[in-house]
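Results of the structural survey
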Amino acid sequence: MSQSILVKGTFRNNKKCCVGTHNTKNNRLFNKDEEEFLYKMVEENIISKIDKFKKIELYADDDGKILDITRVDVNTFKASYNLMLDKYISFLNDNTKLIEIKSI
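The following paragraphs examine the structure supplied in this document. What you see as residue numbers is a count from 1 along each chain, following the sequence as written. Two thresholds apply to this predicted model, a pLDDT of at least 70 for residue-level local features and 80 or more for giving and counting side-chain atom pairs, whereas whole-chain, interface and lining totals are computed over all residues. Computation of side-chain values covers all heavy atoms of the structure but excludes hydrogens and water.

Secondary structure counts use DSSP, requiring at least four H or I residues in a row for a helix and at least two E residues in a row for a strand, with both numbered from the N terminus. Helix and strand counts for the protein chain come out as 2 helices and 4 strands. When the elements of the protein chain are put in sequence order from the N terminus, they spell out β-β-α-β-β-α. Think of it in three bands: with a 1.4 Å probe and only protein chains considered, a residue is buried below 20% of the maximum accessible area for its type, exposed above 50%, and partly exposed in between. Looking at the protein chain as a whole, 41% of its 104 residues qualify as buried. By definition in these notes, contact holds between two residues if any of their heavy atoms fall within 4.5 Å. Residue pairs in contact within the protein chain that sit at least 24 positions apart in sequence constitute 59% of those at least 6 positions apart.

The strand order 2-1-3-4 describes an open sheet built from 4 strands, whose pairing is antiparallel. If you trace the sheet from one side to the other, it starts and ends with strand 2 (16–23) and strand 4 (65–72), each paired once. Strand-to-strand twist of the sheet, defined as the mean angle between neighbouring strand axes without regard to direction, takes the value 15 degrees. Together, strand 1 (3–11), strand 2 and strand 3 (53–62) form the strand contacts of helix 1 (residues 32–45), whose direction differs from that of strand 2 by roughly 175 degrees. Note on pairing: two strands pair once DSSP finds at least 2 bridges between them. Note on method: axes are straight lines fitted to C-alpha atoms, helices fitted across the in-contact stretch only, with angles between N-to-C directions ranging 0 to 180 degrees.

Within this document, salt bridges are pairs made up of a side-chain nitrogen of Lys or Arg and a carboxyl oxygen of Asp or Glu, the two lying within 4 Å of each other. The tally for this structure, following the rule as stated, stands at 4 salt bridges. A salt bridge links Glu57 to Lys8; the shortest N-O distance between them is 3.5 Å. Taken together, the positions of Glu57 in strand 3 and Lys8 in strand 1 put the pair 49 residues apart, joining distant regions of the chain. Overall, Lys8 belongs to the buried group, its relative accessible area being 17%. Among the ionic pairs, Glu57 bridges to Arg71, the shortest N-O distance being 3.1 Å. Of this pair, Glu57 sits in strand 3 while Arg71 is found in strand 4, placing the two residues 14 residues apart along the sequence. Several salt bridges converge on common partners, so that one network encompasses Lys8, Glu57 and Arg71.

Written out as structure tokens, the structure reads:
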């Protein structure tokens, strides 16, 4: 079982840039280091080149099943990517808590 968050930007020439983080065991919440890594990578690889993208997609994945896909306008993502990433991290952390409760 595993969880991941992926931010995929599609450039105007249809090449893609993907940034994400992955919890391979799905036995714990995403920790602060993973959150900081995700924000840093998004800022370096997506936000710094935001004007070159034509679309942005966010994926939440749990054990190979896509839980949520959000297609976001480039300008909207630039203005509120922190809130969107927080939503996805909280969403997966809540899902992990549910798995822990079911396993008891």
